[in-house]
Amino acid sequence: MATANPYGRLLKTFEVNGKTYKYYDLNELGDKYGRLPFSIRVLLESCVRNCDNFQVLEKDVQNVLEWEKNQTVEGGVEIAFRPARVILQDLTGVPAVVDFAAMRDAVRDLGGNPDRINPICPADLVIDHSVQVDFARSPDALNKNQELEFERNKERFQFLKWGAQAFDNMLIVPPGSGIVHQVNLEYLARVVFTGDFVYPDSVVGTDSHTTMINGLGVVGWGVGGIEAEAVMLGQAISMLLPRVVGYRLHGVLSPLATSTDLVLTITRHLRSLGVVGKFVEFFGPGVAALSIADRATVANMCPEFGATVAHFPVDRRSLEYLHQTNRSADKIAVIEAYLRASNQYRDYDNPAQDPIFSEVVELDLSTVVTSVSGPKRPQDRVAVADMKKDFQDCLTNKVGFKGYGLTPEQLGASGSFSFSDGKTYSITHGSVIIAAITSCTNTSNPSVMLGAGLLAKKAVENGLSVLPYIKTSLSPGSGVVTYYLRESGVVPYLDKLGFDIVGYGCMTCIGNSGPIDDNIANTIEKNDLVCCGVLSGNRNFEGRIHPHTRANYLASPLLVIAYALAGTVNIDFTVTPLGKRSDGTPVFLSDIWPTRAEIQEVENRHVIPRMFKEVYARIEQGSPSWQVLSVPQGKLYGWDPNSTYIKKPPFFDGMTKELPAICSIEGARCLLLLGDSVTTDHISPAGSIARNSPAARYLAGRGLTPKEFNSYGARRGNDAVMCRGTFANIRLVNQLAPAPGPRTTHQPSGDVMDIFDAADRYAKENVPLIAIVGKDYGSGSSRDWAAKGPFLLGIRAVIAESFERIHRSNLVGMGVMPLQFLDGESARTHGLTGTETYSVRVPADLVPQQLLTVEVDNGKSFQVKVRFDTEVDLTYFRNGGILNYMIRKML
């Protein structure tokens, strides 16, 4: 069990304004510390500070300190890491709050004090994923969209508002406040925790773009829900010590280039190099010239180029940004003093500070040109100068990421439709249907937002307009954006072009673009047109933005307006004007494009600390709709049995104070027999709820119509829906089913049925279940329901050729046994068909990585390795999972 921290000798103090602060001085560990990448220094500090020889071992500290040697070890070196805090958005945060509420009930039922169940480390939840663009291009669009948001999500919002007052150490930011990552950057980020004990801020979040905070010097990345809950409960997470790619920036951006052009260039570059699973750390004199907003734009798109983090260590500009965003001067002084004392403060102009990297790549900023990315992937950058030719090539290229496979005869297709203004319009391939200034990638950056405003001003002054059928929208990432756009006087011009504010949330970037006019949709379908969306987001995968925009391009807010003005992406801006002035002279994009100097002058005047102070002083108040939302009071949640969104999960049903005995698995049936590379997308419920699915039948049985089903994402707080959607992927290849899809064969009856229905039938027969799978089981994004769902289906163990590392950990966290075939063995080598019964002999004195015997009813047997890799894993399993462990710990 845990012991006293063995690194007390490293404790030092420093003073700021007469107050003494304690910290661990890692310089005392020797020269190796000073050679580590700055991002690795954060990992090391956490290991030293949290070393208890139970969760975090002295071996972990030594492994991080020896990073230079260990980062090249084949297969990687695993370490334990305890982030300083957790951040959540509402879709992924609801299940976490549901679990905490259920844990309180369990503690009460076991005779304990339920008030003890709270996040142990700080947790912040920002409600930003629920609003969509139902209304646009009108002054009342914002209010109408927010009203619909509350109408659709009332149950979820009531539950989260209860959580806001029920839990300590958890801040819940109401809807309409902004996008989670921008609020994190402007308000929530600590950079350094400045209590009596001082240490670096670090964060994991239940959203892949948590990486954005690395732009401010905070190490952070996205994780699955179970990992996030573990950190909230004070537990360490497992990770492989990463290789660190040093990305050296030098030179100066062109006066006409934007941070969006920069990030699209970097995304293409790093995706081509291959940085999956690696840290990227930026250095060099070019970094010093980038604002924090520019750096955050780059860090935001880290998932798109595949790295775990894209880190910019804290420097002078970081501290200036903290002043600008109204952080306390006293705290900033402590932050600077600590970072200097602990050798974590960066001077990008001093090459003597450059650490050792696994490899180094470079980019000359002067080579960055105005760009977009698309039409189907964020890494497919296209220079705007080449856009017309590239789009035309895409139309006829073979179907793929850069092709639509149109024949020469199809190239001239077009269609006409009547619009609500009574006029008839024509569209063809390349016509812009959606133009959205959206996403924290860009709306967090005053330079591109004000640049868009200045471009809009010049466009209107030159007599330009946007066609009325194009769905234009502006969804700022925080109220501060609206504040400085109004103060700078550009809002009337944005409104004139149709870019009215439609909401404060992710919106179009995550596919919440709302409907388009039926006549437009019908025209696109009838004529098989490749129409376009242009957005300032970070992802443009096919089908994500809108079903009727087959081509989607990521672009700066300035270019979003430019392509909206043009009405098409099939344009060369250097040759074709955007329109004509009243005197008939042409207006080219170059005539209205603002320079960086123009933008900087406006930004310096209008983006000031007072704005941040006023906006964030009322961050917890919410809108009038939030304020009048009635919620149950008290520390225990009053579960509504009629709710189809929020339901008490059965994870703790029948739980006792005493540890249950470890039991063997007797006479289990195989629910699924799967091949290699089954991802969490195959396992976890996602997307819309199919009308013929078990989840649909459940909801219909509760009186809901198909249009009220909503999505699995919206119903993550209801285990009855989610377990019915587990393994519901239509592309799942289960060898126990006659065709791909969410089906299996019940044994011994031979009945083919939905996977949930088979699991339910086995449960009524008191038959335990296993799954037998191939290599890399659980790869892809970490998803909590990829482990929760199988547990609720009754799967006691998964026998795999190999596991994805984090998914294995998540199975352990839910009390499911991960069992691994011995090297070279598989279901095929053992002749397993999945129709047998299986028994697994599990001894009471089980130890990590022990070999166990699986007995098959055909008389055969084989050995597997139990993938409880540490004593911590085994402790969680003995308790029935990490949440059960924490409940007993709180009694």
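Before any of the text, the structure's been laid out above.
Here goes a summary of the coordinates provided. (Residues numbered from 1 in each chain as written. Predicted model: local features only at pLDDT ≥ 70, side-chain atom pairs only at ≥ 80, totals over all residues. Heavy atoms only, no water.)

**Concerning the packing of helix α5 (residues 90–109) against helix α33 (residues 882–890)**
Piece 1. Where α5 contacts α33, the axes come no closer than 10 Å and their chain directions differ by 45 degrees. In terms of orientation, α5 lies oblique with respect to α33. Considering how the two elements wind past one another, α5 and α33 form a crossing that is right-handed. Contacts between α5 and α33 involve D99, M103, A106 and V107 from the first element and L883, M886 and I887 from the second.
Piece 2. Grouping the constituent residues of the contact of α5 with α33 by class yields 6 nonpolar, no polar and 1 charged. (Axes fitted to C-alpha atoms, helices over the stretch in contact; angles between N-to-C directions. Helix = DSSP H or I, 4+ residues; strand = E, 2+ residues; numbered from the N terminus. Parallel < 35°, antiparallel > 145°, perpendicular 65-115°, else oblique. Left-handed = near helix turned anticlockwise from the far one by under 90°. Contact = heavy atoms within 4.5 Å. Nonpolar A, V, L, I, M, F, W, Y, C, P; charged D, E, K, R; others polar.)

**Some thoughts on the layout of surface pockets**
Piece 1. Here the second largest pocket defines a volume of roughly 850 Å³.
Piece 2. Around the second largest pocket, the lining is made up of 35 residues, and of these F791, R796, M814, G815 and G880 lie nearest the centre.
Piece 3. By residue number, the principal contributor to the lining of the second largest pocket is helix α29 (residues 755–764), which donates 4 residues.
Piece 4. Here the lining of the second largest pocket is composed, by residue class, of 23 nonpolar, 7 polar and 5 charged. (1 Å grid on protein atoms, 1.4 Å probe; cavity = no way out; pocket = protein on both sides within 12 Å on 5 of 7 lines; lining within 4 Å. Points joined across faces, edges and corners; volume = space filled by probe spheres on them.)

**Some details on unusual backbone geometry**
Piece 1. Going from G374 to P375, the amide bond is cis rather than trans, its omega being 10 degrees.
Piece 2. For P375, the position within the fold is in the loop between β16 (371–373) and β17 (381–383).
Piece 3. Here the amide bond leading from Q747 into P748 is cis, since omega sits at 5 degrees, within 30 degrees of zero.
Piece 4. When you line up the elements, P748 lands in the loop between β27 (743–745) and β28 (752–754).
Piece 5. A positive phi angle, near 55 degrees, is found at M507, a position not held by glycine.
Piece 6. On the secondary structure map, M507 appears in the loop between α19 (491–496) and α20 (518–527).
Piece 7. In this model, N710 sits at a positive phi of 65 degrees, which is unusual for a non-glycine residue.
Piece 8. Within the element layout of this structure, N710 appears in the loop between α27 (694–701) and α28 (719–724).
Piece 9. Look at N710 and you get partly exposed, because its relative accessible area is 34%. (Buried < 20%, exposed > 50% of the residue type's maximum accessible area, 1.4 Å probe, protein only.)

**Here we look at the pattern of salt bridges**
Piece 1. All told, the structure shown has 48 salt bridges when counted by the stated rule.
Piece 2. In this structure, R316 engages E320 in a salt bridge whose closest nitrogen and oxygen atoms are separated by 2.7 Å. Residue R316 and its partner E320 are located together in helix α13 (residues 316–324), separated by 4 residues, close to a single helical turn.
Piece 3. A relative accessible area of 40% places E320 in the partly exposed class.
Piece 4. The salt bridge involving R783 is made with D681; its shortest N-O contact spans 2.6 Å. Here R783 is found in the loop between β29 (769–772) and α30 (785–792), whereas its partner D681 is found in helix α26 (residues 680–683), with 102 residues between them in sequence.
Piece 5. What makes R783 partly exposed here is its relative accessible area of 26%.
Piece 6. What makes D681 partly exposed here is its relative accessible area of 41%.
Piece 7. In the salt-bridge network here, residues are joined through shared partners; they are R85, D124, R190 and D201. (Salt bridge = Lys/Arg side-chain N within 4 Å of Asp/Glu carboxyl O.)

**Observations concerning the nonpolar core**
Piece 1. In this structure, L44, W221, L671, F727, Y777 and M817 are the most contacted members of the largest nonpolar core, which totals 156 residues.
Piece 2. For this core, the element with the highest residue contribution is α5, accounting for 10 residues.
Piece 3. Formed by 150 residues, the second largest nonpolar core is a distinct cluster that contains A257, F312, V432 and I561. (Core = buried A, V, L, I, M, F, W, Y, C linked by side-chain atoms within 4.5 Å.)

**A few points about the environment of V448**
Piece 1. Mapped onto the secondary structure, V448 falls in helix α17 (residues 446–461).
Piece 2. Assessed through its relative accessible area of 2%, V448 is described here as buried.
Piece 3. For the pair V448 and G741, spaced 293 residues apart in sequence, the C-alpha separation works out to 45 Å.
Piece 4. In this view, V448 contacts T258, S259, T260, N442, P557 and L558; residues no more than four positions away in its chain are not counted.

**Regarding the environment of K496**
Piece 1. When you line up the elements, K496 lands in helix α19.
Piece 2. Looking at K496, the relative accessible area reads 62%, which means it is exposed.
Piece 3. On a C-alpha basis, the gap between K496 and A459 in space is 9.9 Å, while along the polypeptide they are 37 residues apart.

**Let's talk about empty space enclosed by the protein**
Piece 1. The final tally for this structure, using the stated rule, is 5 cavities of 30 Å³ or more.
Piece 2. Estimates place the volume of the largest cavity at around 110 Å³.
Piece 3. Around the largest cavity sit 13 residues that line it, and V42, G217, V314, L339 and Q344 are the ones nearest its centre.
Piece 4. No other element matches the 3 residues that helix α2 (residues 38–50) contributes to the lining of the largest cavity.
Piece 5. Of the residues assigned to the lining of the largest cavity, the class counts are 8 nonpolar, 4 polar and 1 charged.

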